[in-house]
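One-letter residues, chain by chain:
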Amino acid sequence: MPLTLLGSPAYHAGMAVFRIAVLVLGVVHALFVGLTSLAGAFADGGDIWQRLVVVFLHPLGVAGVLLLVFAPRLARTATIGIVAVLLANVIADLALAQGIAAGAVKGDWELAVVFAVVPVVGLAYALGLLRTSHRAGG
């Protein structure tokens, strides 16, 4: 039954509302990531992997989410690439949160979980776009 709803006006209206929510979250997340990336690049502490996540992977994830919102008709392979980046972002953040919670790494585990929220929402949006484009033949 859900597959027949993909072409319905209600589904497209829902995706339009979801797009606006993802846009707002993406912009707020971009500001948050921008500030922490600048601070993380110059802060003492943390190993190379933590710095790569903060300075490289987080900004890449933000760019992916914003690209999905501003160019929702991306090629399927580009959208799949963004899904891979967002998935890597979520996995890295949750692994870091687990390491902090276990005491293996210094920091606040809650902050690492917060960094994973918008990429998870972006993943849901990207999968919705992929599903719609698949049914539409694109």
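Residues numbered from 1 in each chain as written. Predicted model: local features only at pLDDT ≥ 70, side-chain atom pairs only at ≥ 80, totals over all residues. Heavy atoms only, no water.

### Considerations on the environment of Leu60
Of note, Leu60 is situated in helix 3 (residues 48-70). Exposure remark for Leu60: the relative accessible area of 34% places this residue in the partly exposed category. Between the C-alpha atom of Leu60 and that of Ile82, which follows or precedes it by 22 residues, the distance is 8.9 Å. (Helix = DSSP H or I, 4+ residues; strand = E, 2+ residues; numbered from the N terminus. Buried < 20%, exposed > 50% of the residue type's maximum accessible area, 1.4 Å probe, protein only.)

### Considerations on the packing of aromatic side chains
Between two aromatic rings, the relevant description is the distance of the centres plus the angle of the planes. The final tally for this structure, using the stated rule, is two aromatic pairs. Here Phe18 and Tyr125 contribute two aromatic rings whose centre-to-centre distance is 5.5 Å and whose plane-to-plane angle is 80 degrees, an arrangement assigned as edge-to-face. A residue pair is termed long-range when its members are at least 10 positions apart, and Phe18 in helix 2 (residues 9-42) and Tyr125 in helix 5 (residues 109-136) qualify at 107 residues. (Phe/Tyr/Trp six-rings, centres within 6.5 Å; stacked < 30°, edge-to-face > 60°.)

### Brief notes about helix 3
The end-to-end C-alpha separation of helix 3 is 32 Å, in line with the 33 Å expected for 23 residues at 1.5 Å each. Regarding helix 3, the residues found buried are Gln50, Val53, Leu57, His58, Gly61, Val62, Gly64, Val65, Leu66, Leu68 and Val69. (Expected span 1.5 Å × (residues − 1).)

### Considerations on a nonpolar patch on the surface
Taken together, Ile48, Trp49, Leu52, Phe56 and Leu60 make up a surface patch of nonpolar side chains, about 550 Å² in accessible area. Turning to its location among the elements, Leu52 is positioned in helix 3. A relative accessible area of 38% places Leu52 in the partly exposed class. (Patch = residues over 30% accessible without salt bridge, like charges linked within 9 Å, V, L, I, M, F, W, Y side chains within 5 Å. Areas by Shrake-Rupley, 256 points an atom, 1.4 Å probe, with all protein chains shown as cover. Salt bridge = Lys/Arg side-chain N within 4 Å of Asp/Glu carboxyl O.)

### Details of the nonpolar core
In a soluble, globular protein the nonpolar side chains are often hidden away together inside. Counting residues in each nonpolar core, the largest one holds 15 residues, and the members touching the most others are Leu68, Leu86 and Tyr125. Sorting the residues of this core by element identifies helix 2, helix 3, helix 4 (76-102) and helix 5 as the ones contributing at least two each. At five residues, the largest contribution of residues to this core is made by helix 5. (Core = buried A, V, L, I, M, F, W, Y, C linked by side-chain atoms within 4.5 Å.)

### Some remarks on helix 4
Here helix 4 is 27 residues long and its end C-alpha atoms lie 39 Å apart, about the 39 Å a rise of 1.5 Å per residue gives. Taken together, the buried positions of helix 4 are occupied by Thr79, Ile82, Val83, Leu86, Asn89, Val90, Ala92, Asp93, Ala97, Gly99 and Ile100. Once helix 4 finishes, Gly103 follows within two positions and takes phi at roughly 90 degrees, a positive value.

### Describing the environment of Val105
In this fold, Val105 is placed in the loop between helix 4 and helix 5. The exposure class assigned to Val105 is partly exposed, which follows from its relative accessible area of 26%. It is 9.9 Å that separates the C-alpha atoms of Val105 and Gln50, two residues lying 55 residues apart in sequence. Apart from residues lying up to four places away in sequence, Val105 is in contact with Gln50, Leu96, Gly99 and Ile100. (Contact = heavy atoms within 4.5 Å.)

### Thoughts on the confidence of the model for the protein chain
Looking at the protein chain, the pLDDT average stands at 86 and 86% of residues meet or exceed 70. Of all secondary-structure elements in the protein chain, the lowest mean pLDDT belongs to helix 1 (residues 2-5), at 54, while helix 4 reaches the highest, 95. (pLDDT = per-residue confidence, 0-100.)

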